[in-house]
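Chain by chain, the residues:
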Amino acid sequence: MKYEAALFDLDGTLVDSVYDLYIAMNLTLSDLAFPIVSQGLVQSWVGNGIEMLVKRGLSGDMKVSEHLEPALADKAIALFYGHYEQQVGEYSVLYQHVETGLAALRGIPKALITNKARCFTEKLLDKLALSSHFEVIVCGDDMAKKPSPEPLLFACQQLNVPVSQAIMIGDSKSDILAAQAAHIDVLAVNYGYNQGENLADLNPQYLCENFLDIIPVLTQR
């Protein structure tokens, strides 16, 4: 096969988890007497880890306010962690065909690479019975987050697969940039959390509308 390993993003690629994040965000903002935000806004802010998500929530915008006090941000992040720990996985669901697709790809070594912290990642994977599909799981607090290539290169090393024979599957600019920096082919899915970006403009090797569309890409010879 052309690809000997597949590296998967989590949120927006395998799992629609935005409602959990939306609830935790508004509980946090309410604790601090900040205005609550819409689910659509939260979805547009997902993709760069919880710390950045919370800072965007406090700023009410994709761009973090230059006037945001570090102490307030730290307090809000701690509050969010507490709320999200209670919430994680409660409303999260697999995207259509993910279970079928992962089962069809069981012969291909797989790694999960997420910017989510390990404590939340493992809880979410357990709730959705996903853990068994992955030989390697790299989380946002293990090393540098995407768009750094570091977690992708680490995953390839752990799977004992050269980067030329791996492919990254994700839904965001961070996934594409990380793969390109690591010199790994990338397949972008159009249904996830793309932060308003047209992913085609970022020149992924493949662009798919449906999770099942990745199967022929990964199994081509």
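Quick caveat: nothing in here was measured; it's all calculated off a predicted structure.

K.L.:
An account of the environment of A103 is needed here, citing residue identities and associated values.
P.N.:
You can see A103 is positioned in helix α5 (residues 98-104). The partly exposed category is assigned to A103, whose relative accessible area is 29%. Spatially, the C-alpha atom of A103 lies 39 Å from that of L29, the residues being 74 residues apart in sequence.

K.L.:
Please give an account of the pattern of salt bridges that cites residues and values.
P.N.:
Taken as a whole and assessed by the stated rule, the structure comprises 8 salt bridges. Ionic pairing is found between D11 and K116, a salt bridge with its closest N-O pair at 3.3 Å. Highlighted residues: D11 in the loop between β1 (5-8) and β2 (15-16) and K116 in the loop between β4 (110-113) and α6 (118-127), separated in sequence by 105 residues. Each of the two residues, D11 as well as K116, counts as buried.

K.L.:
Could you give an account of helix α3 (residues 50-59), with specific residues and numbers?
P.N.:
Every buried residue of α3 is accounted for by I50, L53, V54, R56, G57 and L58. Each element contacted by the buried residues of α3 is listed here: α1 (18-31), α2 (39-45), α4 (70-87) and α6. One or two residues past the end of α3 sits G60, with phi positive at roughly 70°.

K.L.:
Tell me about the packing of α1 against α3, and please be specific about residues and values.
P.N.:
Relative orientation of the contacting elements α1 and α3 amounts to 55°, with a least axis distance of 11 Å. Classified by the angle their axes make, α1 and α3 are oblique. As for the relative orientation of α1 and α3, their crossing is right-handed in sense. Each of L21, M25 and L29 in α1 lies in contact with α3, whose residues at this interface are L53, V54, G57 and L58. Split into classes, the residues belonging to the contact of α1 with α3 amount to 6 nonpolar, 1 polar and no charged.

K.L.:
Can you explain the pairing of β4? Please cite residues and give values.
P.N.:
Look at any regular strand and the pattern is simple: side chains alternate between the two faces of the sheet. Here β4 shows a buried face lined by K110 and L112 and a second buried face lined by A111 and I113. Here β1 pairs with β4 via 3 bridges, running parallel. Within β4, the residue paired with L7 across the bridge is A111. Where β4 and strand β5 (residues 136-138) come together, 3 bridges link them in parallel fashion. Bridge assignment links L112 to a residue of β5, and that residue is I137. Considered for its hand, the β-α-β crossover made up of β4, α6 and β5 is right-handed.

So, how was this worked out
- Within each chain, residue numbers correspond to sequence positions counted from 1 in written order.
- Local features are withheld for residues below a pLDDT of 70 in this predicted model, meaning they are given only at 70 or higher, and side-chain atom pairs are given and counted only at 80 or more; totals for whole chains, interfaces and linings count all residues.
- Values shown for side chains rest on all heavy atoms present in the structure; no hydrogens or waters enter the calculation.
- Under the scheme used here, helices are H or I runs from DSSP no shorter than 4 residues and strands are E runs no shorter than 2 residues, and both carry numbers assigned from the N terminus.
- With a 1.4 Å probe rolled over the protein chains alone, any residue whose accessible area is under 20% of its type maximum counts as buried; one over 50% counts as exposed, and the rest are partly exposed.
- Every case where a carboxyl oxygen of Asp or Glu lies within 4 Å of a side-chain nitrogen of Lys or Arg is listed as a salt bridge.
- Whether two residues are in contact is decided by their heavy atoms: any pair within 4.5 Å suffices.
- In this analysis an axis means a line fitted to C-alpha atoms, helices contributing only their contacting stretch, and an angle means the value between N-to-C directions, from 0 to 180 degrees.
- Here is the rule for angles: anything less than 35 degrees is roughly parallel, anything more than 145 is roughly antiparallel, 65 through 115 is roughly perpendicular, and the remaining ranges are oblique.
- Note: crossing handedness is left-handed where the near helix turns anticlockwise from the far helix by less than a right angle, and right-handed where it turns clockwise.
- Charged residues are taken to be Asp, Glu, Lys and Arg, nonpolar residues to be Ala, Val, Leu, Ile, Met, Phe, Trp, Tyr, Cys and Pro, and polar residues to be all remaining types, Gly included.
- Think of it this way: DSSP has to see at least two bridges between two strands before they count as a pair.
- The definition of a right-handed crossover adopted here requires that, viewed with the strands pointing away, the path from the first strand over the helix to the second runs clockwise.

By themselves, these figures tell us nothing about what the structure is for.
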